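# Structural overview for review
Take a look at the letters that make up each chain.
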Amino acid sequence: MNSLPAVEKFEPVAASDVVSANPRIIWWLKAISRAISVLAMTVGALVVIGGVLDIALLKNLLTGQETASPNAAIAIGLIGVALWQLQDGEADNAGEVQLKPRHRLARLCAMGAALIGLVTIAEYIFDRDLGVDHLLFAEPQSSVGTSMMDRMAPGTAVSLVILGGALLQMSRRMEHWSTQVLALAVGWIAFLACLGHLYGAELLYGVVCIGGDCEATSNLPRYAAVALPTALMLGLLAYGLLASRPHDGLMKIISSDSTGGLVARRILPAAIVFPTAFGWLNVSLLDTDFIQPDLGAALVAGIDVIAVGGVLWWSSWSLYRIDVQRRLTERELAQVREREIEIGYRIQRTLLFDYPPHDLPWARFAALTIPSDRIDGDFFDFLVHTDRQIDVILGDVMGKGVPAALLGAATKTHLLRAFSHLIAIGNDRASLPEPKDIITLANSHIANELIALDSFVTVCYARFDLDRDRLIFVDCGHTHTIHYQQQTGNCVLLAGENMPLGLDAHEIYTQYEIEIMPGDLLVFYSDGVTEARTRTGELFGVERLVDLVQTHADLDPEELTKRLRAAVEAFSGSGSFADDLTCVSVKLKEHRLPGPLRRAEMAISSDLKELAIVRDFVEQMASKGVLSVDKVNSLKRAVSEAASNIIIHAYDRRPDRRIELDVEVFADRVVVRLHHLGMSFDPQQVSAPKFDGSQEGGFGIYIIAQSVDEVRYYVDDRGRNCIALVKWADQPDERRSHDASDI
Amino acid sequence: MQVTSELVGNVHLVTLDGELDASNVTYFKEMVLPLLASPIKLVIDLSGIRFIDSSGMGAMISCQRHAAAVGGRLKLCGMSPEVRASFELLRLQSILDISNTREEALQSFA
């Protein structure tokens with residue numbers, strides 16, 4: 001058997017596996033970043049050209065003043081070059097960039113820009129003219145020599161240093177968050193400067209008069225302003241820097257296709273635009289005489305609430321729709337899964353379950369299984385070899401749910417396969433293969449697969465050998481079967497020493513033999529019974545189970561199983577359990593009782609015309625001495641109704657089906673069994689007939705129940721639906737001494 | 001099963017012979033129910049019936065309801081102990097008019 005590789009464990013899922021960047025947004029961001037870098041380069045170049053050719057319009061492009069230093073423009077141009085060179089930076093795994101020529105260029109430019117900024121700052125701090133302000137255009141524009149006004153503003157210088165630093169950092173480590181924080185800082189400085197221009201708040205864009213009144217003390221140091229075009233350019237560069245890395249850091253959310261990205265893209269622009277706009281409105285209203293200032297502020301605040309509220313509502317509405325969609329999808333997935341489980345449950349109940357034999361004279365069987373979540377990982381099987389040799393197999397697959405159920409079915413299949421294989425190769429085809437050999441062979445087939453699946457199966461394989469009054473069992477790590485011995489009135493636990501199936505393919509299994517007697521009771525169960533828990537965690541345990549078996553050992557197995565279920569449910573305070581719960585009870589009866597005096601079988605086609613033949617057959621068999629004439633007539637009546645029901649209801653009046661009958665005449669009773677393969681019917685579902693003349697049919701079940709002493713509807717060990725009818729020779733109250741019926 | 005029908009005075013007499021069960025109950029109904037379309041006096045003699053099942057008894061209830069619907073009358077007679085036991089199982093003696101013999105039934109209609 002070829003072994004597949006072991007089942008792979010699930011890798012933990014990363015956020016990047018489920019949220020991806022929106023390619024359209026990425027494209028736009030990168031395009032904008034490129035455009036900004038081109039713009040910066042162009043501006044820088046134009047100012048330089050303007051300086052060289054002395055074109056005032058170009059020279060003063062950024063400052064709008066005659067007396068501007070071109071340094072800021074040059075630095076901005078350098079940053080534009082660096083940004084252009086650092087587009088599409090591919091980092092290797094360690095996040096370190098392999099140095100390429102263009103990266104070197106970018107570094108150089110970034111360093112140049114930062115240097116210009118640093119020198120300017122130094123000039124301010126030390127109050128010395130280091131000559132950088134007119135490095136390019138040697139001839140000073142100002143007639144009074146270099147003044148403070150020719151220098152770039154301190155805000156611009158700081159921004160240039162930060163931008164230069166950010167680009168240097170970016171050229172070293174392409175995806176570091178620090179570059180984005182630095183860019184944000186520059187953006188904020190530039191934004192404040194723009195606001196200052198917009199609102200006329202000089203302090204914000206940097207005209208600072210040190211020493212009080214500027215007019216009065218004109219020779220005191222005065223700092224130049226950050227001109228509006230410069231501020232705009234710096235802001236754009238900061239934005240370009242952010243946009244050049246749309247996959248990383250802070251931009252990851254904005255470019256993502258998640259709902260977070262959606263909200264960020266909607267609210268962030270609003271968060272910038274609205275306060276700006278309303279602040280401006282406020283300031284403008286203050287300047288006019290139309291409205292009182294406090295009224296104006298109130299009105300602006302009112303409009304602000306509407307605008308911000310509107311954007312928030314818009315975003316919330318999108319979130320709401322996305323959430324609804326997600327929940328619908330989840331519900332749908334849950335329904336699909338639910339349907340699969342339901343189908344699995346039906347397949348298991350109808351095709352995979354075996355029914356205990358009902359018509360063995362020496363024992364009564366009852367089986368119960370309650371899956372923890374419909375699909376059952378426990379299984380049982382009954383192999384009726386002869387009417388005196390039968391195997392009972394009960395297994396419990398580690399785990400539960402669908403995988404456990406499939407493993408259970410596979411284990412059953414392999415046990416049967418091992419069984420038939422051993423029969424085929426055996427010398428003596430008349431004798432059955434030993435349970436230990438069946439288990440050993442089946443285990444050798446499935447152990448490696450089970451090991452690869454990290455699972456195992458505990459099994460109890462028990463063979464009832466009535467010819468020798470022996471129970472032969474192989475216990476493969478299963479719960480210990482309870483053996484109630486009628487002679488002593490005690491319960492014994494049957495324990496073996498074997499491992500579960502699926503731990504070692506070379507395990508040789510051993511079997512044990514014990515003596516069994518009529519009246520003994522054997523209870524096979526899965527650990528779902530003994531490990532049922534109360535809410536406080538207390539286990540049901542083997543002792544409680546043994547006590548229960550001992551107390552109710554005289555009951556019919558069906559009844560015992562019901563009591564067991566009720567006891568476990570009462571104990572755990574619930575009808576559903578954490579683990580699959582399975583129990584098979586076998587009650588041995590006196591099997592040396594006299595057999596039937598006569599036995600006969602017949603088969604009829606499912607034609608109503610055959611009813612008369614059936615009645616004749618029953619009359620012939622039953623009327624010779626055992627039953628009185630009245631009782632024979634009653635039995636005949638019941639059999640006729642049963643056969644009629646099978647033809648009309650189970651076979652839906654199709655005349656070409658078969659009904660098989662057998663009649664056994666004992667010294668004290670007559671048993672008639674009718675077997676068919678039509679639809680089974682549940683007599684419990686038939687409502688009680690009305691005797692007021694309003695009803696013309698539906699009396700059949702009632703007549704059957706009234707005419708014989710015992711009726712049993714079941715599926716026999718050959719899968720046929722069976723109706724068994726028993727008519728006793730004595731009156732019911734005269735046969736108390738009899739054991740339960742021998743159907 | 002044989003069904004024979006004759007007129008005794010103003011009373012219709014239907015005589016059954018054999019076994020009445022699900023296989024021939026339709027035949028029985030086809031023979032008898034048309035008679036009950038008019039308000040007649042009908043006696044069904046069951047003395048030849050050896051066995052009757054639930055569908056046969058259902059047919060008798062049907063006859064009774066048809067007769068009652070048009071104002072006719074129905075009497076059953078001549079049941080063997082076995083057949084009688086079947087009827088009593090369904091407590092039909094309380095809703096069907098049952099006489100012991102054919103003569104008794106005819107006389108009571110006369």
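We now turn to the structure provided with this report. (Residues numbered from 1 in each chain as written. Chains lettered and ligands numbered in written order. Predicted model: local features only at pLDDT ≥ 70, side-chain atom pairs only at ≥ 80, totals over all residues. Heavy atoms only, no water.)

## As for the interface of chain A and chain B
A common way to express how large an interface is: the accessible area buried when the components associate. Test applied: Throughout, a residue-residue contact means that at least one pair of heavy atoms, one from each residue, lies within 4.5 Å. By buried area we mean how much accessible surface two parts lose on assembly, using a 1.4 Å probe and totalling the loss over both. Take a side-chain nitrogen of Lys or Arg and a carboxyl oxygen of Asp or Glu: if they are within 4 Å of each other, that pair is a salt bridge.
Taken together, the contacts link 24 residues of chain A with 20 residues of chain B. Here chain A meets chain B over a buried area of about 1,900 Å², counting both sides, of which 55% is carbon and sulfur. Looking at the side of chain A facing chain B, the largest losses of area belong to A:Arg637, A:Phe691 and A:Glu696, adding up to 34% of the total buried there. The interface formed by chain A and chain B includes 3 salt bridges. A:Arg615 is the salt-bridge partner of B:Glu19, the closest N and O atoms lying 2.9 Å from each other.

## Quick notes on the nonpolar core
Residues and elements named next belong to chain A. Quick reminder of the rule: Nonpolar cores are built from buried Ala, Val, Leu, Ile, Met, Phe, Trp, Tyr and Cys residues. Side-chain atoms within 4.5 Å join them into one set. Using a 1.4 Å probe on the protein chains alone, a residue whose accessible area is under 20% of its type maximum counts as buried, one over 50% counts as exposed, and one in between counts as partly exposed. Under the DSSP-based scheme used, a helix requires at least four consecutive residues in state H or I and a strand at least two consecutive residues in state E, with every element numbered from the N terminus.
Ile-76, Ile-79, Leu-160, Leu-167, Leu-234, Leu-237 and Leu-241 are the most contacted members of the largest nonpolar core, which totals 38 residues. Elements represented by at least two residues in this core include exactly helix H2 (23–53), helix H4 (71–85), helix H5 (101–126), helix H6 (154–172), helix H7 (177–199) and helix H9 (228–243). If we ignore the near neighbours within four places in the chain, the residues touching Leu-167 are Ile-79, Ala-82, Leu-83, Leu-86, Ala-110 and Leu-241.

## A short note on the side chain of A:His552
By secondary structure assignment, the location of A:His552 is in the loop between helix H16 (541–551) and helix H17 (557–572). If sequence neighbours within four positions are ignored, A:His552 has contacts with A:Leu560 and A:Arg563.

## Observations concerning H9(A)
Residue and element names in this part refer to chain A. What counts here: To estimate how far a helix should reach, multiply one less than its number of residues by 1.5 Å.
Under the 1.5 Å per step criterion, the end-to-end length of H9 is 22 Å for 16 residues, consistent within 8% with the ideal 22 Å. Of all the positions in H9, only Thr-230, Ala-231, Met-233, Leu-234, Leu-237, Ala-238, Gly-240, Leu-241, Leu-242 and Ala-243 are classed as buried. At its buried positions, H9 is contacted by H2, H4, H6, H7 and helix H10 (249–255).

## Let's talk about the packing of aromatic side chains
The description of an aromatic ring pair uses the distance of the two centres, along with the angle that the planes make with each other. All names here are of chain A. Spelled out, the test is: Two rings from Phe, Tyr or Trp (for Trp, the six-membered ring) form a pair when their centres sit within 6.5 Å of each other. Planes less than 30 degrees apart are called stacked, planes more than 60 degrees apart edge-to-face, and all others tilted.
This structure, assessed with the given rule, holds 13 aromatic pairs over all chains. For the ring pair Trp-362 and Phe-365, a centre distance of 6.2 Å and an interplane angle of 75° mean the geometry is edge-to-face. Comparing Trp-362 with Phe-365, the two get one shared label, buried. Ring centres 6.5 Å apart and planes at 80° place the aromatic pair Phe-464 and Phe-524 in the edge-to-face group. Of this pair, Phe-464 sits in strand E4 (residues 457–465) while Phe-524 sits in strand E9 (residues 521–525), and the two are 60 residues apart along the sequence.

## Description of the environment of A:Lys400
Residue and element names in this part refer to chain A. With respect to the secondary-structure elements, Lys-400 resides in the loop between strand E3 (389–397) and helix H13 (401–425). For Lys-400, a relative accessible area of 46% gives the class partly exposed. The residues contacting Lys-400, other than those within four sequence positions of it, are Ser-372, Ala-578 and Asp-580.

## What about a nonpolar patch on the surface?
We count it as follows: Exposure above 30% relative accessible area and the absence of a salt bridge qualify a residue for a patch, where like charges join within 9 Å and nonpolar side chains (Val, Leu, Ile, Met, Phe, Trp, Tyr) within 5 Å. Computed with the Shrake-Rupley method and a 1.4 Å probe, the accessible areas treat only the protein chains shown as cover for residues.
Residues A:Trp313, A:Trp314, A:Trp317, A:Tyr320, A:Val324 and A:Leu328 make up a contiguous nonpolar surface patch of roughly 680 Å² in combined accessible area. In this fold, A:Val324 is placed in helix H12 (residues 293–352).

## Observations concerning the pairing of strand E5 (residues 470–476) of chain A
All names here are of chain A. Rule in force here: We treat two strands as partners when DSSP finds at least two bridges between them.
The element E5 is extensively covered by neighbouring structure, given that 6 of its 7 residues are classed as buried. Across 7 bridges, the pairing between E4 and E5 is antiparallel. Each bridged residue has a counterpart across the sheet, and for Ala-462 the counterpart in E5 is Phe-473. In textbook terms, the turn of a hairpin is the stretch between consecutive antiparallel strands, and for E4 and E5 this stretch comprises 4 residues, one of which, Asp-469, has a positive phi near 55°. Taken together, the 4 bridges between E5 and strand E8 (residues 512–515) define a ladder with antiparallel strand orientation. The residue of E8 that forms the bridge with Phe-473 is Tyr-512.

## Comments concerning the packing of H6(A) against H9(A)
To characterise two packed helices, one gives the angle between the axes of the helices and the distance between these axes. Residue and element names in this part refer to chain A. Quick reminder of the rule: Axis definition: a line fit to C-alpha positions, over the contact stretch in the case of helices; interaxial angles, taken between N-to-C directions, run 0 to 180 degrees. Any angle between 65 and 115 degrees counts as roughly perpendicular, while under 35 counts as roughly parallel, over 145 as roughly antiparallel, and the rest as oblique. Helix crossings are classified by the rotation of the near helix relative to the far one: an anticlockwise turn of less than a right angle makes the crossing left-handed, while a clockwise turn makes it right-handed. Ten residues, namely Ala, Val, Leu, Ile, Met, Phe, Trp, Tyr, Cys and Pro, are considered nonpolar, four, namely Asp, Glu, Lys and Arg, are considered charged, and the remaining ones, Gly among them, are considered polar.
Between H6 and H9, the shortest axis-to-axis distance is 11 Å and the interhelical angle comes to 20°. Considered as vectors, H6 and H9 are oriented roughly parallel to each other. The handedness of the crossing between H6 and H9 is left-handed. For the pair H6 and H9, contact is made by Thr-156, Ser-159, Leu-160, Leu-163, Ala-166, Leu-167 and Met-170 and by Thr-230, Leu-234, Leu-237, Ala-238 and Leu-241, respectively. Grouping the amino acids of the contact of H6 with H9 by side-chain chemistry returns 9 nonpolar, 3 polar and no charged.

## Notes on the environment of A:Ala82
All names here are of chain A. The topology assignment puts Ala-82 in helix H4. Take Ala-82: its relative accessible area is 0%, and that puts it in the buried class. Put simply, Ala-82 and Leu-108 are 26 residues apart on the chain and 8.0 Å apart in space, counted from C-alpha to C-alpha. Setting aside chain neighbours within four positions, we find Ala-82 in contact with Ala-106, Cys-109, Ala-110 and Leu-167.

## Considering the sheet that holds E3(A)
All names here are of chain A. In spatial order, the strands read E2-E3-E4-E5-E8; together these 5 strands make up an open sheet with antiparallel pairing. Two strands close off the open sheet at either side, each with one partner strand: strand E2 (378–386) and E8. Here the average twist between neighbouring strands, direction ignored, is 15°. Sheet topology note: the E3/E4 ladder contains 9 bridges and is antiparallel. Counted as the bridge partner of Val-397 is Val-457 from E4. Each of E2, E3 and E4 touches H13; the most contacted strand, E2, lies at about 20° to it.

## Details of the packing of helix H18 (residues 611–622) of chain A against helix H19 (residues 629–650) of chain A
Residue and element names in this part refer to chain A. H19 packs onto H18 with a crossing angle of 145° between their chain directions and a minimal axis gap of 9 Å. Where H18 crosses over H19, the handedness of that crossing is right-handed. In contact with Leu-611, Val-614, Arg-615, Val-618, Glu-619 and Ala-622 of H18, H19 contributes Val-632, Leu-635, Lys-636, Val-639, Ser-640, Ala-643, Ser-644 and Ile-647.

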